[in-house]
Amino acid sequence: MIDPITAFKDPWWYLVDIDYVKDGDTFAFFIDKGMRDFSNESIRLWGLDTWELSQPLGDQAKVFTSLWMADHRHGIKKYPFVIHTEKDKQSFNRYIADVWCSQGHHLADDLRQAGFEKV
Ligand SMILES: [Zn+2]
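(A) Region of interest: the overall build of the chain. Within the chain, the regular secondary structure consists of 3 helices and 5 strands. Taking 14 Å as the expected radius of gyration for a compact globule of 119 residues, we find that the chain reaches 15 Å, a close match to that expectation. Considering only C-alpha atoms, the chain reaches an extent of 45 × 35 × 25 Å along its principal axes. By the burial criterion, 23% of the 119 residues in the chain qualify as buried. In the chain, once contacts between residues fewer than 6 apart in sequence are set aside, the share between residues at least 24 apart is 54%.

(B) Structural context of helix H2 (residues 58–71). Its 14 residues place the ends of H2 20 Å apart at the C-alpha level, agreeing with the 20 Å of an ideal helix rising 1.5 Å per residue. Within H2, the full set of buried residues consists of Ala61, Lys62, Phe64, Thr65, Trp68 and Met69. The buried residues of H2 all sit within an arc of 160 degrees when viewed along its axis, so they share a single face. With respect to the buried face of H2, the exposed residues turned more than 90 degrees away are Leu67, Ala70 and Asp71. If you follow the buried residues of H2, they end up packed against strand S1 (13–23) and helix H3 (107–113).

How each quantity is defined
Residues numbered from 1 in each chain as written. Predicted model: local features only at pLDDT ≥ 70, side-chain atom pairs only at ≥ 80, totals over all residues. Helix = DSSP H or I, 4+ residues; strand = E, 2+ residues; numbered from the N terminus. Rg over C-alpha atoms; globule rule 2.2 N^0.38 Å. Buried ≥ 20, exposed ≤ 12 C-beta atoms within 10 Å, placed from the backbone. Contact = placed C-beta atoms within 7 Å. Expected span 1.5 Å × (residues − 1). Arc of directions from axis to C-beta.

Take a look at the structure:
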């Protein structure tokens, strides 16, 4: 049974599709906000920083994220990913988000496992 109270506590889940990848941890998404309401937002990955493009591994992190977006569509033509968003506490103009595919694979975990977390 669905508990409607859950949505009051944690409502910020969206189906999204990739517009373009800026770098390993920043991208633009097409966002299905429901009821024929769509937007396009620049989103920063939650909880993991990759190297800047000017730094070693920056380009490779961008390639990894681009390939991840292509590999994890799992045959879904539109809006194959789900994100959970939060306002960025350092920069309130932008949003940060966790990113999953329909099979539950988690972009930040996969970047971390592949060695692209800036430490
Ligand atoms: Zn996947």
